[in-house]
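# Structure assessment
Listed below, chain by chain, are the residues.
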Amino acid sequence: MVGFILFLIIVVIFILVVAAASIKVVKQAEVKIIERFGKYSFTAEAGLNILLPFVDKVRAVVSLKQQTMDVTPQSVITKDNVTITIDTVVFYQIMDPVKAVYEIESLQKGIAYIAITTIRDIVGKMDLDSTFSSRDAINTQLRDVLDEATDKWGCKVDRVEIKDIKPPVDIRDAMEKQMNAERNKRAIILEAEGKRQADITLAEGNKQSTILNAEAERESSIRRAQGVRESKILEAEGNAEAIKKVAEAKAEEIKMVYGAIMSSKPDDKLVAIKSLESLEKVANGSANKVFIPFDATKTLGSIAAMSEAADKKSSK
């Protein structure tokens, strides 16, 4: 009885060992490379896989996820003989697990060695300043070389990034001094340019102000001249209107006097007497000379004759 129980225990253990050896569970985004009698048999995909116990063996577990690898910082000599340290990281993904396992002993070491030699080749053709300003170009060239070289290993290099470029301490100090000098130079240039622009703007403003003042003065002079001209025109028109009114009034007065005289029907003697009275008033004026019309002399002669006749008559 004891022997039978021991036999059952051995059988159960054997079954468990066989089950453990034949049943393999593969995680998502992973594959397992299975060998049979030391030769590649198949690739176990994600999920439950059945192997032949004691015959099939798992050679390697390969991750299909994108992976990152830090390349050891390398000292590189630039074209102008400056030693710099470059720190790089590589992003890659295994596309063919069988090639990644059987085509190279260590995929990461192969990527690292190619990255190191490629960096030295690329940076060795550039001077120090170009290495800082051409990071994108270096990354692109390095990725293309790595992607082409690792294609036969079933690997695809997606990105290569230079994390840091460290020049020697003395070079870094010299670069900082140069940068400070450049900043000071740019500051001085910008200040001078700003002052120049301010002077130009001020001069333009003064010029524009002078032009505007001249135009305003000219416009003011024109308006004053127009005002004086219009004032004189209005004054002349007013004087002409006044003279016209006076003349019209005189004409009306003369017309009224003439009408009154004509309505009284004067004879020649009355006219002659009135003429003499008018001449007397004229003679009493401030003028030194009196001009008597030729027709008036006849009248005066008639009047003189009448006066003599009147005197003779009174003496008789």
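A brief structural summary. (Residues numbered from 1 in each chain as written. Predicted model: local features only at pLDDT ≥ 70, side-chain atom pairs only at ≥ 80, totals over all residues. Heavy atoms only, no water.)

Glancing now at the overall build of the protein. Of regular secondary structure, the protein possesses 8 helices and 8 strands. Taking all 316 residues of the protein together, the buried fraction comes to 20%. A sequence separation of at least 24 residues applies to 64% of the contacts in the protein between residues at least 6 apart. Accessible surface, the protein: about 23200 Å² in total, of which carbon and sulfur atoms supply 59%. (Helix = DSSP H or I, 4+ residues; strand = E, 2+ residues; numbered from the N terminus. Buried < 20%, exposed > 50% of the residue type's maximum accessible area, 1.4 Å probe, protein only. Contact = heavy atoms within 4.5 Å. Areas by Shrake-Rupley, 256 points an atom, 1.4 Å probe, with all protein chains shown as cover.)

With that settled, the discussion passes to the packing of helix α3 (residues 107-123) against helix α5 (residues 135-150). Interhelical geometry of α3 versus α5 gives an angle of 140° and a closest axis separation of 10 Å. Regarding the angle of α3 to α5, the classification is oblique. Both α3 and α5 take part in a crossing whose hand is right-handed. The residues of α5 that touch α3, namely those facing I111, I114, A115, T118, I119, I122 and V123, are I138, Q141, L142, V145, L146, A149 and T150. Here the residues of the contact of α3 with α5 sort into 11 nonpolar, 3 polar and no charged. (Axes fitted to C-alpha atoms, helices over the stretch in contact; angles between N-to-C directions. Parallel < 35°, antiparallel > 145°, perpendicular 65-115°, else oblique. Left-handed = near helix turned anticlockwise from the far one by under 90°. Nonpolar A, V, L, I, M, F, W, Y, C, P; charged D, E, K, R; others polar.)

We now examine the pattern of salt bridges. In the structure shown here, the tally under the stated rule is 13 salt bridges. Note that R36 and D56 form a salt bridge whose closest N and O atoms lie 2.5 Å from each other. Of this pair, R36 sits in strand β2 (residues 30-36) while D56 sits in strand β5 (residues 56-63), placing them 20 residues apart in sequence. In this structure R36 comes out as partly exposed when scored by relative accessible area, which is 31%. (Salt bridge = Lys/Arg side-chain N within 4 Å of Asp/Glu carboxyl O.)

Attention now moves to α3. Between the first and last C-alpha of α3 there are 24 Å, a value that for 17 residues agrees with the 24 Å anticipated at 1.5 Å per step. Among all positions of α3, only L107, G110, I111, A112, I114, A115, I116, T118, I119, I122 and V123 are buried. In this fold, the buried residues of α3 make contact with β6 (67-77), β7 (83-94), α2 (97-102), α4 (128-133), α5 and β8 (155-166). (Expected span 1.5 Å × (residues − 1).)

In the structure shown here, the tally under the stated rule is 1 aromatic pair. A ring pair is formed by Y40 and Y102, whose centres lie 6.0 Å apart and whose planes are at 75°; its orientation type is edge-to-face. Note that Y40 is positioned in strand β3 (residues 39-44) and Y102 in helix α2, a separation of 62 residues in sequence. Y102 gets classed as partly exposed once you look at its relative accessible area, which sits at 33%. (Phe/Tyr/Trp six-rings, centres within 6.5 Å; stacked < 30°, edge-to-face > 60°.)

Let us look at the sheet that holds β5. Judged by pairing direction, the sheet is antiparallel, and its 3 strands sit side by side in the order β3-β2-β5 without closing on themselves. Because the sheet does not close on itself, it has two edges, and the strands there are β3 and β5. Strand-to-strand twist of the sheet, defined as the mean angle between neighbouring strand axes without regard to direction, takes the value 25°. Two elements, β2 and β5, share 7 bridges in a ladder whose sense is antiparallel. When the bridges of β5 are listed, E35 appears paired with K57. (Pairing = 2+ DSSP bridges.)

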